[in-house]
Amino acid sequence: MEDPGVNLADLTPEEREAYELKLQLQEKRNEVCDTSLFNEAHTANPVTVKIRRRRDLKGHLTKVYAMDWSTDARHVLSASQDSRLLVWDTYSGNKIHAIELKCSWVMCCSYAPSGNYVASGGLDNVCSVYDLNDEEGNLSGKAIKVLTGHDGYLGECQFLSDKQILTSSGDHMCILWDIATGQQITTLKDHLGEVDCLGLLPDNNTFLSGSTDATVKLWDLREGMCKQTLVGHLSDVVDIKWLANSVNFVTASDDASCGYSTLDPTKRSRSIVTSTHRLEFHASTPPSAAGLYSRATMISMLYCGMRC
């Protein structure tokens, strides 16, 4: 369906071609929309998730912009625009590290798998890495490296190990860094917009990136190449999370939809559309009740009422 607010005469040839491709994409999506969310919900097994508030973590003075769990499922890292990174013991509710940031406009943070390091970045265009194991017992954390090289804000950072970290940026790039030397190992360029989110697989060789160009890209760090581009969202892709099977993943977008996608080539795309919101399933069938429950359990763990 054409947008009545678009005057084709005012568009450049490139813009007209992009607009026509967008209309074709919408037509294809409507063709596979063979049901509604309301009708599909009647065939799904009921899922009951009880979310219980466990603890309130209070200590930040203003907006908490990002957080990350440690792999020990006990410690949480939170980043706030009060210029502080806080590491929490969720069992006791106490702060065990308080790191003062040079820039208050923090947008992302990450906990290393070992639990020895944390990192943050934001509108200062750099990724700062901190050592939590200060030999002098300093709880403020020691900045061991500031990774400079991006020309835009940091959308997200994720540790691969204590030696490597991956960052995405508003400069349309993702960079794999050597933390010890501060040097770039691999620079990944293919997005046409700002890269706001990353989804790293446990093998540390493959990851997904989401961008304001409304696409999700699959990358192979060993080759330093984009292996696949997934389209479907109509606006910025702002978050990506892998499911436990490392084959399916979910995306969140500014187009008021969540996408459920798979890398299994035997599955076909499926869209479920409602009159007000769209929920997309890119699989042969919608997620099973077990799959939804595992995802809901993870959500309840992340958002169990702990307000930093």
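Residues numbered from 1 in each chain as written. Predicted model: local features only at pLDDT ≥ 70, side-chain atom pairs only at ≥ 80, totals over all residues. Heavy atoms only, no water.

1. A short note on a nonpolar patch on the surface
Here is step 1: Residues V47, V49 and I51 make up a contiguous nonpolar surface patch of about 220 Å² in total accessible area.
Here is step 2: In this structure V47 comes out as partly exposed when scored by relative accessible area, which is 33%. (Patch = residues over 30% accessible without salt bridge, like charges linked within 9 Å, V, L, I, M, F, W, Y side chains within 5 Å. Areas by Shrake-Rupley, 256 points an atom, 1.4 Å probe, with all protein chains shown as cover. Salt bridge = Lys/Arg side-chain N within 4 Å of Asp/Glu carboxyl O. Buried < 20%, exposed > 50% of the residue type's maximum accessible area, 1.4 Å probe, protein only.)

2. Here's the deal with the sheet that holds strand β16 (residues 225-230)
Here is step 1: Judged by pairing direction, the sheet is antiparallel, and its four strands sit side by side in the order β13-β14-β15-β16 without closing on themselves. The two strands at the open ends of the sheet, each matched to only one other strand, are β13 (195-200) and β16. Averaged over neighbouring strand pairs, the angle between their axes works out to 25° when direction is ignored.
Here is step 2: As paired elements, β13 and strand β14 (residues 206-211) share five bridges and run antiparallel to each other. From the neighbouring strand, V195 faces β14, where its bridge partner is S211. (Pairing = 2+ DSSP bridges. Helix = DSSP H or I, 4+ residues; strand = E, 2+ residues; numbered from the N terminus. Axes fitted to C-alpha atoms, helices over the stretch in contact; angles between N-to-C directions.)

3. What to know about the pairing of strand β12 (residues 183-189)
Put simply, side chains in a regular strand alternate between the two faces of the sheet.
Here is step 1: Looking at chain direction, strand β11 (residues 173-178) and β12 are connected through six bridges and run antiparallel. In the sheet register, D178 faces β12, and the bridge partner there is Q183.
Here is step 2: Hairpin connection of β11 to β12: four residues between the antiparallel strands, including G182 at a positive phi of 75°.

4. A short note on the nonpolar core
Here is step 1: Formed by 15 residues in total, the largest nonpolar core has its most connected members in A119, C127, V129, L147, C157, F159 and I165.
Here is step 2: In this structure I165 touches A119, C127, L147, C157, Q158, F159, L160, I175, L176, W177 and I179, once residues within four positions along its chain are discounted.
Here is step 3: Counting residues in each nonpolar core, the second largest holds 13 residues, with A79, V87, I99 and L132 among its members. (Core = buried A, V, L, I, M, F, W, Y, C linked by side-chain atoms within 4.5 Å. Contact = heavy atoms within 4.5 Å.)

5. Structural notes on the sheet that holds strand β4 (residues 94-100)
Within a sheet, each strand pairs with its neighbour through backbone hydrogen bonds, oriented either parallel or antiparallel.
Here is step 1: Pairing within the open sheet is antiparallel, and its four strands lie in the order β1-β2-β3-β4. The sheet is open, and its two edges are formed by β1 (64-69) and β4, each paired on a single side. The average undirected angle you get between the axes of adjacent strands in this sheet is 20°.
Here is step 2: Here six bridges tie strand β3 (residues 84-89) to β4, and the two strands are oriented antiparallel to one another. Bridged to D89 within β4 is N94.

6. Overview of unusual backbone geometry
With the exception of glycine, the majority of residues adopt a negative phi angle, and the majority of peptide bonds are in the trans configuration.
Here is step 1: With a phi angle near 60°, N204 is a residue other than glycine that sits in the positive phi range.
Here is step 2: Note on placement: N204 falls in the loop between β13 and β14.
Here is step 3: Phi is positive for A256, close to 70°, though the residue is something other than glycine.
Here is step 4: Relative to the elements of secondary structure, A256 occurs in the loop between β18 (248-253) and β19 (257-262).

7. Structural notes on the pattern of salt bridges
Here is step 1: Taken as a whole and judged by the stated rule, the model has six salt bridges.
Here is step 2: A salt bridge links D190 to K217; the nearest nitrogen and oxygen atoms lie 2.9 Å apart. Of this pair, D190 sits in the loop between β12 and β13 while K217 sits in strand β15 (residues 216-220), and the two are 27 residues apart along the sequence.
Here is step 3: The class of D190 is partly exposed, set by a relative accessible area of 36%.

8. So, the confidence of the model for the chain
Here is step 1: Summary statistics for the chain give a mean pLDDT of 82 and a share of 82% for residues scoring 70 or more.
Here is step 2: In the predicted structure, residues 269-308 sits below a pLDDT of 50 and forms 106 contacts with residues beyond four places in sequence or in another chain. (pLDDT = per-residue confidence, 0-100.)

9. Examining the state of the cysteines
Put plainly, two cysteines are in a disulfide when a covalent bond ties their sulfur atoms together.
Here is step 1: Taken as a whole, this structure holds zero disulfides when the rule is applied.
Here is step 2: The closest cysteine sulfur to the non-disulfide-bonded C226 is located on C174, 9.9 Å from its own sulfur. (Disulfide = S-S within 2.5 Å.)

10. A word on helix α1 (residues 13-31)
Here is step 1: Compared with the 27 Å implied by 1.5 Å per residue over 19 residues, the 27 Å span of α1 between its first and last C-alpha is a close match.
Here is step 2: Turning to α1, its buried residues are Y19, L23 and R29. Down the axis, α1 shows its buried residues gathered within 125° of arc, on one side only. Facing away from the buried surface of α1 by more than 90 degrees, the exposed residues are P13, E14, K28 and E31. (Expected span 1.5 Å × (residues − 1). Arc of directions from axis to C-beta.)

11. A few points about the side chain of S128
Here is step 1: Inspection of the secondary structure puts S128 in strand β7 (residues 126-131).
Here is step 2: Residue class for S128 comes out buried when judged on its relative accessible area of 11%.
Here is step 3: Dropping the residues within four chain positions of it, S128 is found in contact with V118, A119, S120, K145 and V146.

12. A closer look at the side chain of D131
Here is step 1: One can find D131 in strand β7.
Here is step 2: Taking the relative accessible area as the measure of exposure, D131 reaches 17% and is therefore buried.
Here is step 3: A polar atom in the side chain of D131 sits 2.9 Å from the backbone nitrogen of N133. (Polar contact = N/O pair within 3.5 Å; in protein donor to acceptor, adjacent residues only side chain to side chain.)

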